[in-house]
Amino acid sequence: MDAPSAGYAFEYLIETLNDSSHKKFFNVPRLGGTKYDVLPYSIRVLLEAAVRNCDGFLMKREDVMNILDWKTKQSNVEVPFFPARVLLQDFTGIPAMVDFAAMREAVKTLGGDPKKVHPACPTDLTVDHSLQIDFNKCAIQNAPNPGGGDLQKAGKLSPLRVQPKKLPCRGQTTCRGSCDSGELGRNSGRFSSQIENTPILCPFHLQPVPEPETVLKNQEVEFGRNRERLQFFKWSSRVFKNVAVIPPGTGMAHQVNLEYLSRVVFEEKDLLFPDSVVGTDSHITMVNGLGILGWGVGGIETEAVMLGLPASLTLPEVVGCELTGSSNPFVTSIDVVLGITKHLRQVGVAGKFVEFFGSGVSQLSIVDRTTIANMCPEYGAILSFFPVDNVTLKHLEHTGFDKAKLKSMETYLKAVKLFRNDQDNSGEPEYSQVIQITLNSIVPSVSGPKRPQDRVALTDMKSDFQACLNEKVGFKGFQIAAEKQNDTVSIHYEGSEYKLSHGSVVIAAVISCTNNCNPSVMLAAGLLAKKAVEAGLHVKPYIRTSLSPGSGMVTHYLSSSGVLPYLSKLGFEIVGYGCSTCVGNTAPLSEAVLNAVKQGDLVTCGVLSGNKNFEGRLCDCVRANYLASPPLVVAYAIAGTVNIDFQTEPLGTDPTGRNIYLHDIWPSQEEVHQIEEEHVVLSMFKALKEKTEMGNKRWNSLEVPDSVLFPWDLKSTYIRCPSFFDKLTKEPVALQPIENAHVLLYLGDSVTTDHISPAGSIARSSPAAKYLTNRGLTPREFNSYGARRGNDAVMTRGTFANIKLFNKFIGKPAPKTVHFPSGQTLDVFEAAELYQKEGIPLIILAGKKYGSGNSRDWAAKGPYLLGVKAVLAESYEKIHKDHLIGIGIAPLQFLPGENADSLGLSGRETFSLTFPEELSPGVTLNIKTSTGKVFSVIASFENDVEITLFKHGGLLNFVARKFS
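The model shown is predicted, which means the values in this text are computed figures rather than measured ones.

## With respect to the overall build of the protein chain
Tallying secondary structure elements over the protein chain gives 34 helices and 36 strands in all. Burial analysis of the protein chain (964 residues in total) assigns 58% to the buried set. Accessible area of the protein chain: about 39,400 Å², with a carbon and sulfur share of 50%.

Structure follows, in structure tokens:
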């Protein structure tokens, strides 16, 4: 059955864009009037896709109306969704591309043109899951450090013990020493760690140096280990339209998706429509921060979309999250992001869409928005949507987006009411529930003095420290006698006299650590330093100050934005790349400071932007340690003490004697965002674009066949032509009865896709291991099921190979079953193989919630290749039931109140049933057993599309026939 042309039912809604004579769009607001105006923006995107793809078959007019009536239909109906594009990562992408390659073979066999076989929508595949760290010059970075920083005890160097090459500094005369591709600073005492997509720079001259030898070595091993797969990917990108492969070494899927692949608005044959995406990467949700609707799905749903079918979802509830007020001046973007995330987690938004609105949204940068959207797993939402607004457009402009396209995008989004405008609240959407977050309620804080979980509001810092002096010795106490709390000790340092007291800061370290890698906070520290220096403020010389970026990219943007010299002026000079202060690798304090601390029994302090502050970790003589954001580290260093109330007490005075307060030099969010967009975003996007489009030498030189059909290597254990199409005929044959089927497995309740699908390492005694051993591989070369997803022989042998599988025939957890004709207990694959040789069809008996858990394509493909014709269960996880139909397995369901036990079934019988010519959704079928028992079951098909797919023998056969 062929579907009519998409969008035919709503052609009358097509209009020409005002600023163009040739660009057209579906003016969906005309369809719904006031109903449309109150829809959440995310639902409007679903509606537009439904209108544009309405063909009366896969997308019916009823589906469109259900979405338009979202207010009354939410949570009650399933709706199809055609995303604009698909994103795959290599592990989950390879079986999909192998299926397309195999389909070309099948179409040719049927007499069709294999060149017509292509994915139905743009498909991007990022090769980002292949890299393993075989070589590492920085063993200490991955080893636990008790705080002493002993390099000799930290761990061994890489297997090859490759020493870094010394590199000249290109003639600069001010160098403190030769630049080094591994050891980037004499003070660091360790090797650098390259962060993906960041250039290695000389920290003193900011000149790029060649990639570290470790990176090149790892890439070389990656290409050797994965050559077969990489060749197949490159062949796929050449022969399939709509397929683009992002080469290895470019970046991670979510990063590339956000920074390079996102369109925001698609333009296809002069038709404009919103960008949207589904894919197999869990971080897909990040793009919702750009106003692009997207979420992660399983491999088989993604493949279905590539084959031209819609994704299916329950019309979701949408929680409106209103952001109001303005954040505290001292609040950083990290404070805001974590505050919003915590609030959403407490409210409970699991399984729902979240959509942000309100005046406070404009205060969030794109970095903040995408971070919040990316943290959906933290609070359980399907996605968190930020509609496109002026902040989005400005961001796109900074990323080098074509200005003409940007103008058309803005005009289009405003025409279909997908553009959020703070100034116009007349068309405010209605939500399932509204929660309010006042940005004023998010307060800046620090953690300490001994544990990272002990948070202290910045406004309470002085009083809290004084309370700690009074408290008994413990997590928050130092037990200093009241009469000694105001003691001071004089020290002479570099020709000047200073006074130390309780609360004096003696260590201040700015670290671009795991919780402070957001560029905005590092830039905020730099801007604060700039304003402090310009105001004549300085840091006392006895304070051990340091700046340790997490990568060369941090140095790059601190330098290009012009703030690095000001950090250096205050003593925050780059000491190297990697962990330093927070693991105890601090340069010794001066003798004068050490003697003063001992003499006065002083509780001195360290302030750092890392993530560990246990007592004595920084230095034995520093008893109070606080974690703070990078700009607050600089502020406390200038103040010289934590015993200060920033609201009422000055940091110091300018040359004229005027008091300078923290609020005088604290950079505004607008200043930080502007610098971030101009000096971070643009350079990052430009570098990634060049890297993506140019590839790399190994990828560019990788030779692949120039053929319409893929030349399968029969010896390959990674890539193999699957047998899904072996019995394909040009026209679907009538549904065949299932006669005298044996039960392969008799399972209980809540059998998950993890029990069914191959996953993890390949056990040495498993059928998959035997297969690989017979082909000359050693156990060390087995790799994992994930890496061999392109080989159906391995994956079929790994189906039901989970050691926790409980088969009632066996009576204990084991990947075993009984082959009844012989009475043997065998591995599940070996039993199924015998049944197939004997021409005996198979079914599976199960209890409630069969196929629950994560979506896994091989949880359906595996049983099909084992010869399973039907599953008979009490109930199903809906997604898995859809997968069974999509592969050609009949999902049968016991009548309500009945199950195998109540019907007296042992599973040792054989089962027979016949499908009627006119199969209809929910029809009742009769099953007859070899014992003479007859009982009724429900054929669990929900609509005509599912029945059509089943009659064709599954989705792959259905699509292959359309191409033939």
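## Concerning helix H34 (residues 955-963)
In an α-helix, one full turn covers 3.6 residues, which means residues spaced three or four apart are oriented alike. For H34, the tally of buried residues reaches eight of nine residues, placing the bulk of the element in the interior. Among all positions of H34, only Leu 955, Leu 956, Asn 957, Phe 958, Val 959, Ala 960, Arg 961 and Phe 963 are buried.

## Structural notes on the sheet that holds strand S36 (residues 934-939)
Spatially, the seven strands close up into a barrel ordered S28-S31-S32-S33-S36-S35-S34, and their pairing is mixed. Strand-to-strand twist across the sheet, computed as the mean angle between neighbouring axes with direction ignored, equals 40 degrees. In this structure, strand S33 (residues 890-894) lies alongside S36, joined through three bridges in antiparallel fashion. Along S36, the bridge assignment pairs Phe 894 with Val 937.

## Considerations on the pairing of strand S35 (residues 924-929)
Here S35 shows a buried face lined by Leu 925, Ile 927 and Thr 929 and an unburied face lined by Thr 924, Asn 926 and Lys 928. Across three bridges, strand S34 (residues 911-913) lies against S35 in antiparallel orientation. Following the sheet pairing, Ser 912 is matched in S35 by Lys 928. Note: S35 against S36, five bridges, orientation antiparallel. The residue of S36 that forms the bridge with Leu 925 is Val 937.

## Let's talk about the environment of Ala 832
Turning to its location among the elements, Ala 832 is positioned in helix H30 (residues 828-837). Residue contacts for Ala 832: discarding those within four places in its chain leaves Leu 744, Leu 842 and Leu 866.

## Brief notes about the sheet that holds strand S2 (residues 24-26)
Either a parallel or an antiparallel arrangement is found when strands of a sheet pair, and the pairing is made through backbone hydrogen bonds. Strands sit in the order S1-S2-S10-S9 across an open sheet of four strands; the sheet is mixed. Every interior strand has two partners, whereas the edge strands, strand S1 (14-16) and strand S9 (265-268), have only one. When strand polarity is set aside, the average angle formed by the axes of neighbouring strands in this sheet is 35 degrees. Here S1 runs beside S2; their pairing, made up of three bridges, is antiparallel.

## Details of the nonpolar core
Formed by 188 residues in total, the largest nonpolar core has its most connected members in Met 103, Phe 232, Phe 800 and Tyr 850. Sort the elements by how many residues they give to this core and helix H6 (residues 90-109) lands first, with ten residues. Beyond its immediate sequence surroundings of up to four residues, Met 103 is in contact with Val 117, Leu 307, Phe 725, Leu 956, Val 959, Ala 960 and Phe 963. Grouped together as the second largest cluster of nonpolar side chains are 76 residues, Ile 543, Ala 637, Leu 662 and Ile 665 included.

## Remarks on the pattern of salt bridges
Under the counting rule described, the total for this entry stands at 30 salt bridges. Notably, a salt bridge pairs Asp 601 with Arg 623, separated by 3.0 Å at the nearest N-O pair. One end of the pair, Asp 601, is in the loop between helix H22 (591-600) and strand S24 (605-608); the other, Arg 623, is in the loop between S24 and strand S25 (624-627), with 22 residues separating them in the sequence. The partner of Glu 830 in a salt bridge is Lys 770, and the shortest N-O contact between them spans 3.0 Å. Taken together, the residues span a long stretch of sequence, with Glu 830 in helix H30 and Lys 770 in helix H28 (residues 767-774) at a distance of 60 residues.

## Details of the side chain of Ser 276
Relative to the helices and strands, Ser 276 resides in strand S11 (residues 276-279). One polar contact links the side chain of Ser 276 to the main-chain amide nitrogen of Ala 84, over a distance of 2.9 Å. If sequence neighbours within four positions are ignored, Ser 276 has contacts with Phe 81, Phe 82, Pro 83, Ala 84, Arg 85, Ile 292 and Leu 293.

## With respect to the side chain of Thr 392
In this fold, Thr 392 is placed in helix H16 (residues 390-398). Setting aside residues no more than four positions away along its own chain, Thr 392 makes contact with Leu 290, Ile 366, Arg 369 and Pro 387.

What counts as what
- Residues numbered from 1 in each chain as written.
- Predicted model: local features only at pLDDT ≥ 70, side-chain atom pairs only at ≥ 80, totals over all residues.
- Heavy atoms only, no water.
- Helix = DSSP H or I, 4+ residues; strand = E, 2+ residues; numbered from the N terminus.
- Buried < 20%, exposed > 50% of the residue type's maximum accessible area, 1.4 Å probe, protein only.
- Areas by Shrake-Rupley, 256 points an atom, 1.4 Å probe, with all protein chains shown as cover.
- Pairing = 2+ DSSP bridges.
- Axes fitted to C-alpha atoms, helices over the stretch in contact; angles between N-to-C directions.
- Contact = heavy atoms within 4.5 Å.
- Core = buried A, V, L, I, M, F, W, Y, C linked by side-chain atoms within 4.5 Å.
- Salt bridge = Lys/Arg side-chain N within 4 Å of Asp/Glu carboxyl O.
- Polar contact = N/O pair within 3.5 Å; in protein donor to acceptor, adjacent residues only side chain to side chain.

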